[in-house]
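Listed here are the chains, written in short residue letters.
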Amino acid sequence: NLFSWILSSQIVSLTLIESVCMIGSMVIPMILAPYLYDGDTVSHIQWIGCALVFVSVLLFTNKKTEKSEEVSALQKIVIVAICAISVTLSSVFKKYYTYHITANGLGSIEYFTFINFVTVLVVFAVLFAIYYTSEMKRAVSVYAECEKPKVEFPYKKVWVYIIIAAVALYVNELFTSYATQLPSAIYYPLSKGLTVGCTFLLDVIVFKDKVTVKKIIGFFTVITAIILINL
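Now for a quick tour of the structure. (Residues numbered from 1 in each chain as written. Predicted model: local features only at pLDDT ≥ 70, side-chain atom pairs only at ≥ 80, totals over all residues. Heavy atoms only, no water.)

Residues M22, M26, M30, C50 and V53 are the most contacted members of the largest nonpolar core, which totals 14 residues. Within the residue set of this core, elements represented by two or more residues are helix 2 (14-36), helix 3 (44-59), helix 7 (184-205) and helix 8 (213-229). In terms of residue count, helix 2 provides more of this core than any other element does, four residues in total. (Core = buried A, V, L, I, M, F, W, Y, C linked by side-chain atoms within 4.5 Å. Buried < 20%, exposed > 50% of the residue type's maximum accessible area, 1.4 Å probe, protein only. Helix = DSSP H or I, 4+ residues; strand = E, 2+ residues; numbered from the N terminus.)

Written out as structure tokens, the structure reads:
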């Protein structure tokens, strides 16, 4: 999901990614909740709150990227679909683990988070090997015969950001697993609502994104949704 999200963010707007992923990470799990989690139900008011989260995402506009013009429509559909499917599986099985495994004393949230961390490392190692081989072939083709081809890494410039992102992802995974112990009608919409709202604040405060009336309405729509979801 992380890898496909990074690819998707380069070719389509973040609003589109968030909208599509919300279907998988919020609506589908809430529909499946009564069957997977022993009658875990969703009230009509909470469904309204869920719908408002969708509305808020559509109200937040994002800039298009230059790379989006270089990718075909079919490629965009496939990459975004993989991102949505992966986040769906992640959301469903994360709550399934805490509800049926952790609750029965057969495993811990810390163990689940550690396995996720190991999975990320394995995927990174595999993708690193693939991309390194690809870059080396490209280097061989562009370097002169008297020069020794080498792959240039950007880590010297970005290693601090990579470490911060890695720690943040691990902490997020840990506390998300704790949060999955909440009822589905609270956990799924609330997690998405907070994500959308905090993203808005991050864009405005850190990245100095322009504040529009549409975005302000979207922000208060999120707040309303969170209140309804917790009624």
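Still more to cover.
Secondary-structure assignment places T195 in helix 7. Judged by relative accessible area, T195 falls into the partly exposed class, the value being 37%. As for T195 and V222, which are separated by 27 residues in sequence, their C-alpha atoms are 9.6 Å apart.

A complete count under the given rule lists one salt bridge for this structure. Across the pair R138 and E135 runs a salt bridge whose closest N-O atoms are separated by 3.2 Å. Taken together, the positions of R138 and E135, both in helix 5 (residues 109-142) and three residues apart, correspond to about one turn of that helix. Judged by its relative accessible area of 45%, R138 falls in the partly exposed class. (Salt bridge = Lys/Arg side-chain N within 4 Å of Asp/Glu carboxyl O.)

For an α-helix the count is 3.6 residues per turn, leaving residues at separations of three or four pointing the same way. Look at helix 6 (residues 155-179): 33 Å from first C-alpha to last across 25 residues, which is about the 36 Å you get at 1.5 Å a residue. At Y161, helix 6 shows its maximal bend, which comes to roughly 30 degrees. Every buried residue of helix 6 is accounted for by E173, L174, T176 and S177. (Expected span 1.5 Å × (residues − 1). Bend = angle between axes of the 7 residues up to and from the residue.)

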